[in-house]
Amino acid sequence: MIFLLMAAHDTTTITLTTMVQYLGQYPQWQDRCRAEVLALESETLGYEDLDRLPSVDLVMKEALRLVTPVPALPRHVVKDTEVLGHFLPAGTEASIGLHFTQHMPESWPEPEKFDPGRFAEDRREDKIHRYAWTPFGGGVHKCIGLYFAGMQVKSVLNQLLRRYRWHVDPAYVAPMNFMALPYPTDGLPIRLEPLG
Ligand code: HEM
């Protein structure tokens with residue numbers, strides 16, 4: 001039960017937090033996302049609407065890259081193996097650094113920069129390696145909630161974009177706590193402006 005709460009609740013909260021931060025710092029992306037939701041027929045998001053929000057989708061992917069909600073995965077090596085020339089005997093406890101991988105300059109130009117366009121069809125920087133972008137893990141234990149997470153995140157953002165414009169200092173750098181799952185320790189100061 002604890003795992004399900006962590007897996008299904010904290011992760012989507014972290015994703016939304018990161019999206020809200022960067023959309024507050026990059027108003028041009030906020031405007032793009034708002035234009036997409038306002039173009040929908042209904043105020044509430046239907047399943048078929050998910051494909052009609054390409055900018056929101058790009059921003060979500062970039063948020064999941066920049067602040068990987070599950071930064072590392074624990075693994076227990078069940079038989080002797082070798083990874084990139086390193087011998088790992090059976091019984092080794094290994095950690096897979098998803099956050100690290102998603103910030104490697106070898107894969108991602110300007111890795112610390114918020115640049116949702118890197119996931120657009122004409123760039124697809126994530127295609128450099130099948131495990132370059134893995135916020136939902138990989139293999140048999142890959143997240144079972146990944147599509148549901150997309151629905152949750154986009155539904156909340158849809159309501160926020162319709163009701164508010166928000167601002168975050170462009171120079172703001174979140175003081176992150178990575179002890180458990182990552183969160184900004186200052187509560188992320190934002191200025192909300194209700195839309196008329
Ligand atoms: C943005 C949101 C989410 C992220 C980033 C995320 C991330 C992950 C990751 C990295 C794993 C893999 C763990 C591993 O390989 O050891 C995982 C597994 C899992 N996730 Fe998610 N998750 C998210 C949302 C959700 C939601 C909404 C649910 C349920 C409604 C969920 C349920 C699960 C479950 C049950 C597993 C375990 C699967 C297994 O062990 O076979 N997750 N998640």
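One can find the structure itself at the top, above this paragraph.
Model, not experiment: these values are computed from the prediction.

Engineer: Would you mind going over helix H3 (residues 54-66) with me for this structure?
Structural biologist: Side chains three or four residues apart in an α-helix point the same way, a direct result of the helix having 3.6 residues per turn. For H3, with 13 residues, the first-to-last C-alpha span of 18 Å sits near the 18 Å given by 1.5 Å per residue. Looking at H3, one finds that the buried residues are Val 56, Asp 57, Val 59, Met 60, Glu 62, Ala 63, Leu 64, Arg 65 and Leu 66. Tucked into the core, H3 has its buried residues touching helix H1 (2-25), helix H2 (27-38) and helix H5 (146-163).

Engineer: Whenever I open this one, the site of the ligand confuses me. Can you help?
Structural biologist: Residues in close proximity to the ligand total 18 residues, the closest being Ala 8, Thr 11, Gly 137, Cys 143 and Gly 145. Along the lines of polarity and charge, the residues of the shell around the ligand split into 12 nonpolar, 6 polar and no charged.

Engineer: Looking at this structure, how should I read the environment of Asp 186?
Structural biologist: With respect to the helices, strands and loops of the structure, Asp 186 is situated in the loop between strand S7 (183-184) and strand S8 (191-194). Among the residues examined, Asp 186 registers 10 C-beta atoms within 10 Å and is labelled exposed. In this structure, the C-alpha to C-alpha distance between Asp 186 and Cys 33, residues 153 residues apart in sequence, is 26 Å.

Engineer: Any chance you could explain H2 here in plain terms?
Structural biologist: Across its 12 residues, H2 extends 16 Å between first and last C-alpha, which sits within 8% of the 16 Å expected from 1.5 Å per residue. Residues of H2 that are buried: Trp 29, Gln 30, Cys 33, Arg 34 and Val 37. All buried residues of H2 project into a common sector of 135 degrees when viewed along the axis, lining one side. Of the residues in H2, the exposed ones pointing more than 90 degrees away from the buried face are Gln 28, Ala 35 and Leu 38.

Parameters and conventions
- Residues numbered from 1 in each chain as written.
- Predicted model: local features only at pLDDT ≥ 70, side-chain atom pairs only at ≥ 80, totals over all residues.
- Helix = DSSP H or I, 4+ residues; strand = E, 2+ residues; numbered from the N terminus.
- Expected span 1.5 Å × (residues − 1).
- Buried ≥ 20, exposed ≤ 12 C-beta atoms within 10 Å, placed from the backbone.
- Contact = placed C-beta atoms within 7 Å.
- Near = placed C-beta within 6 Å.
- Nonpolar A, V, L, I, M, F, W, Y, C, P; charged D, E, K, R; others polar.
- Arc of directions from axis to C-beta.

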